[in-house]
Amino acid sequence: MILLVPTSPEVPRFHRPTWGASIVVAIILLTSYFLLKPTVLADQQYIDNYHTLSEAGLFEENESEQVYLARRPLLSVTISPKSWDLERAIFSNFVHGGFTHLALNLIGVVAGVRICTTFIPFACTFSIFLIGGTLGLLFSTLVSPQLQNEFVPHLGASAGVFALMGTYYIYNFRFRTTYFFWFPSRQGRIALKTSWFFFLDVILLELLLSAGQLLPKSIDGVDHLAHVGGFLAGCILAVVLRSIQKWPSILQTRGEFLYWTTFLQGRLREAGYDRVQAPYVGWMELLRINFFNDLLKTRLVNHLAKHPTRFTDEELKLAFRYFGPTYVRLNTLDMSSLIRGLVKNQRALPEEWLGRMPYDTIIRVSHQLTQTIEDQEVLLEFILAYRRAHSSNKKLDRKVENLLRRIQTLIPDQKRALNG
Amino acid sequence: MGKEAQTKSPDRHEVRNALWEAEREHWLDCQNAPLSTRLASSVLDIIFVYLVSHGFTKLVRQLVVHGPRLAPDHQNLFDPQIWTVIDLAIRISFLVLYLTWSVSFFGGTLGKLLLGLRVIDCQTGHPLTYRASLFRGIASVGMNVLVLFTLFIRPDRRGLHDLFSNSVVKKVRGTK
């Protein structure tokens, strides 16, 4: 997660999360760090003394050693397998063992709070950080094998960070996430599907390492169980929150959700749109709010493909504005169904849309129109329409002409075979 | 009696081939990838390769540390030296496959594909054959190795890049 940092869900600029909420949480963590630094330093000194006493053989019985460890300064503000309560479990989220520990968690907290505030208010985000983090730390404390030192403090904000990641995973599961990969330019960002890549990047390694932590002599000092516990807690909290909110699965951002619940349904009812027009109007309104929402676009594409004659040319033109090159490239099957439906019903494809499409995207869609002879007629019409839209571009016109010539020599042979 | 309309065209492969050819011609016409995008794709590739290698190494380490405890009757299966060699072999194989096979099969590594780049034959526009892709990978690594090699073997410690640029690196602090 440090190498590929999730910076935001793939949403329009005006939906992108701001830094304000992250800065507030970062300030809280920094303040806690400096306030508790004397306790952390005292604890380090205490443990150094423990090692000295232990090497000198001054602990006659195991019991006296346990009594000594139970009094370590950090356990007044954090929890351990043998010494925990709810208040200290909550407080443990704000305690860090050193500046490196704090710095790494700050990156996670800033990223996690920022991306979650695209969907839920700051109060909910902070509550999930706190509750999920506490549950993650408690999970680790209770599940860690007793063979490990019972007075090792479990602390840090990372369980809370993973709780935020779990929440984000649920809310943005069906959409894409923009990642920053430390390349200092515009190319330093990519968008990848949250469902599989986010899981790979954030949690897969933690699952592997937490399994090892259940055995004695864990490989590193990182609390992977708390990470996994926090992530699961965050997922569960998000599922519960979405159920309470009755959040439709096709909506991505909070803006869309608020518009849907507050204005849209009432407006559609009052306007008295029929069963064909109402979804069109509804999805177009939502796409105006979030034109990155591919699920809405797919619904719109399928709806237009199902009713190719029910919409005017102007309505088709407005709808096609949302089907950009990236969407078309990733959804060639749906787009080809729509194009097939329109061409077969002698509806014109919007020239504005054809003019925007890159040539390689058109070829990708064309591959879906090669199944049957009827499809290939659609293919010819489609490429002819594309050529008309780019008639002023001589270079492209030449390429399209070559393609048409190749296809036209193939298709008439098949027609003759059928008729003969 | 004429044939019934077939649901599948017998020559759809030819139409598809025509489309593929058109795509190749188009790629030949596209601009060469800018340096910044190529560097960005390399950074992404390094990250992906690291994530997979690192994950696999962690898995092997878990196995070697905890395996004997979980299966005490089969301790000989968890020899650390053998697993180190297996780990290294798998990671090198993965690296070779990632840098060569993916270029010939998909037209680029994952980093390149994500940033809209393709590695193609500059005459035909076709993806590279596996052999060409392997040679490309070896040449890329080889150049870096050559620089280091000359650095080691030359008594004056000047690498290939130093020789080309007529330069030398000196240690100027702590010498009398």
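All values reported here derive from a predicted model rather than from experimental measurement. Each residue is numbered by its place in its chain's sequence as written, counting from 1. Each chain is given a letter, starting from A, and each ligand a number, starting from 1, according to the order in which they appear as written. Since the coordinates come from a predicted model, pLDDT governs what is reported: local features require at least 70, and pairs of side-chain atoms require 80 or more to be given and counted, while whole-chain, interface and lining totals use all residues. Hydrogens and water are ignored here; the side-chain numbers use all heavy atoms of the structure.

Student: If you had to explain the nonpolar core to someone new, which residues and values would you point to?
Tutor: Residue and element names in this part refer to chain A. Of all hydrophobic cores here, the largest spans 108 residues; its most connected members are F323 and W353. Elements are defined by DSSP. Helices are runs of H or I of four residues or more, strands are runs of E of two residues or more, and each kind is numbered from the N terminus. Sorting elements by how many residues they give to this core places helix α6 (residues 158-171) first, with eight residues. The criterion used for residue contact is that any of the two residues' heavy atoms lie within 4.5 Å. Discounting chain neighbours no more than four positions away, the residues touching F323 are K297, L300, V301, L304, V328, M335, L338, W353, R356 and M357. The definition of a nonpolar core used throughout is a set of buried Ala, Val, Leu, Ile, Met, Phe, Trp, Tyr and Cys residues joined through side-chain atoms within 4.5 Å. Exposure is judged per residue with a 1.4 Å probe applied to protein chains only, and the accessible area is read against the type maximum: over 50% gives exposed, under 20% gives buried, and values in between give partly exposed. Listed in part, the eight residues of the second largest apolar core include Y46, I47, Y50 and Y68.

Student: How would you explain the environment of A18 of chain B if you had to name every residue and give the values?
Tutor: Mapped onto the elements, A18 of chain B comes out in helix α1 (residues 12-29). If we skip the residues at most four places from it in the chain, A18 of chain B touches L403, R406, I407 and L410 of chain A.

Student: Explain the packing of helix α1 (residues 20-55) of chain A against helix α4 (residues 99-116) of chain A residue by residue, including any values.
Tutor: All names here are of chain A. Between α1 and α4, the shortest axis-to-axis distance is 8 Å and the interhelical angle comes to 160 degrees. Considering their axes alone, α1 and α4 lie roughly antiparallel with respect to each other. In terms of crossing hand, the pair formed by α1 and α4 is right-handed. Between α1 and α4, the residues in contact are A21, S22, V25, A26, L29, L30 and Y33 and F99, L102, L106, V109, V110, V113 and R114, respectively. Fitted lines through C-alpha atoms give the axes, limited to the stretch in contact for helices. The angle between two N-to-C directions lies from 0 to 180 degrees. The labels follow the angle: roughly parallel below 35 degrees, roughly antiparallel above 145, roughly perpendicular from 65 to 115, and oblique for the rest. Take the far helix as your reference; a near helix turned counterclockwise from it by less than a right angle gives a left-handed crossing, and one turned clockwise gives a right-handed crossing.

Student: Go over the packing of aromatic side chains with me, naming the residues and quoting the values.
Tutor: All names here are of chain A. For this analysis, a ring pair means two rings from Phe, Tyr or Trp (six-membered ring only for Trp) whose centres lie within 6.5 Å, classed as stacked if their planes differ by under 30 degrees, edge-to-face if by over 60, and tilted for the remaining angles. Summed over the entire model, instances satisfying the criterion amount to 25 aromatic pairs over all chains. With 5.5 Å between their ring centres and 35 degrees between their planes, F291 and F292 make a pair best called tilted. A ring is considered to have a charge above it if a Lys NZ or an Arg CZ atom is located within 6 Å of its centre and within 35 degrees of its normal. Above the plane of the ring of W19 lies R114, whose end atom (NZ or CZ) is 4.1 Å from the centre. Sitting over the ring of Y171, R242 keeps its end group 5.0 Å from the ring centre.

Student: An account of the packing of helix α10 (residues 277-289) of chain A against helix α11 (residues 294-306) of chain A is requested, with residue identities and associated values reported.
Tutor: Residue and element names in this part refer to chain A. Contact geometry for α10 and α11: axes closest at 10 Å, N-to-C directions at 150 degrees. When the axis of α10 is compared with that of α11, the two are roughly antiparallel. The two elements α10 and α11 meet at a crossing, and its hand is left-handed. Within the contact between the two elements, α10 uses P279, Y280, W283, M284, L286 and L287 and α11 uses L296, K297, R299, L300, H303 and L304.

Student: Can you explain the sheet that holds strand β2 (residues 176-180) of chain A? Please cite residues and give values.
Tutor: Sheets are built from strands that pair by backbone hydrogen bonding, the pairs being arranged parallel or antiparallel. Residue and element names in this part refer to chain A. At least two bridges found by DSSP between two strands is the condition for calling them paired. Here three strands make up an open sheet; going across it, the order is β1-β2-β3 and the pairing antiparallel. Looking at the sheet topology across the chains shown, the edges are occupied by β1 (5-9) and β3 (189-193). Pairs of neighbouring strands in the sheet enclose a mean axial angle of 40 degrees, with direction left out of account. Where β2 meets β3, five bridges bridge the pair, whose relative direction is antiparallel. Residue pairing for β3: T178 is matched across the bridge by A191.

Student: Tell me about the confidence of the model for chain A, residues and numbers included.
Tutor: The predicted model of chain A has a mean per-residue pLDDT of 86, with 91% of residues at 70 or higher. Values of pLDDT, which run from 0 to 100, indicate the predictor's confidence residue by residue. The model gives residues 416-420 of chain A a pLDDT under 50, and that stretch makes seven contacts with residues more than four places away or in other chains.

Student: With reference to specific residues and values, describe the pattern of salt bridges.
Tutor: Residues and elements named next belong to chain A. Whenever a carboxyl oxygen of Asp or Glu lies within 4 Å of a side-chain nitrogen of Lys or Arg, that contact is scored as a salt bridge. Under the definition given, this model contains 16 salt bridges over all chains. Here R88 makes a salt bridge to D85, at a shortest N to O gap of 3.0 Å. In this structure, D375 and R340 form a salt bridge, with 2.6 Å as the shortest nitrogen-oxygen distance. Of this pair, D375 sits in helix α17 (residues 373-389) while R340 sits in helix α14 (residues 332-344), and the two are 35 residues apart along the sequence. The same class applies to D375 and to R340, which are both buried.

Student: Explain helix α5 (residues 130-153) of chain B residue by residue, including any values.
Tutor: Here the expected length of a helix is defined as 1.5 Å per residue gap, with one fewer gap than residues. Between its first and last C-alpha atoms α5 of chain B spans 33 Å; for 24 residues at 1.5 Å apiece the expected length is 34 Å, and the two agree. Of all the positions in α5 of chain B, only S133, G137 and T150 of chain B are classed as buried.

Student: Break down the environment of I289 of chain A for me, citing the residues and quoting the values.
Tutor: All names here are of chain A. Residue placement: I289 occurs in helix α10. Taking the C-alpha atoms as reference points, I289 and H15, separated by 274 residues in sequence, lie 8.8 Å from one another. For I289, the contacting residues outside a window of four places in its chain are P12, F14, H15, G255, E256 and Y259.

Student: Pulling in residues and values, what's your account of α14 of chain A?
Tutor: Residue and element names in this part refer to chain A. Compared with the 18 Å implied by 1.5 Å per residue over 13 residues, the 18 Å span of α14 between its first and last C-alpha is a close match. Along α14, the positions that sit buried rather than exposed are T332, M335, S336, L338, I339, R340, G341, L342 and V343. Buried residues in α14 make contact with α11, α12 (313-320), α13 (325-330), α15 (351-356), α16 (359-367) and α17. In the segment just after α14, Q346 is the residue with positive phi, at about 55 degrees.

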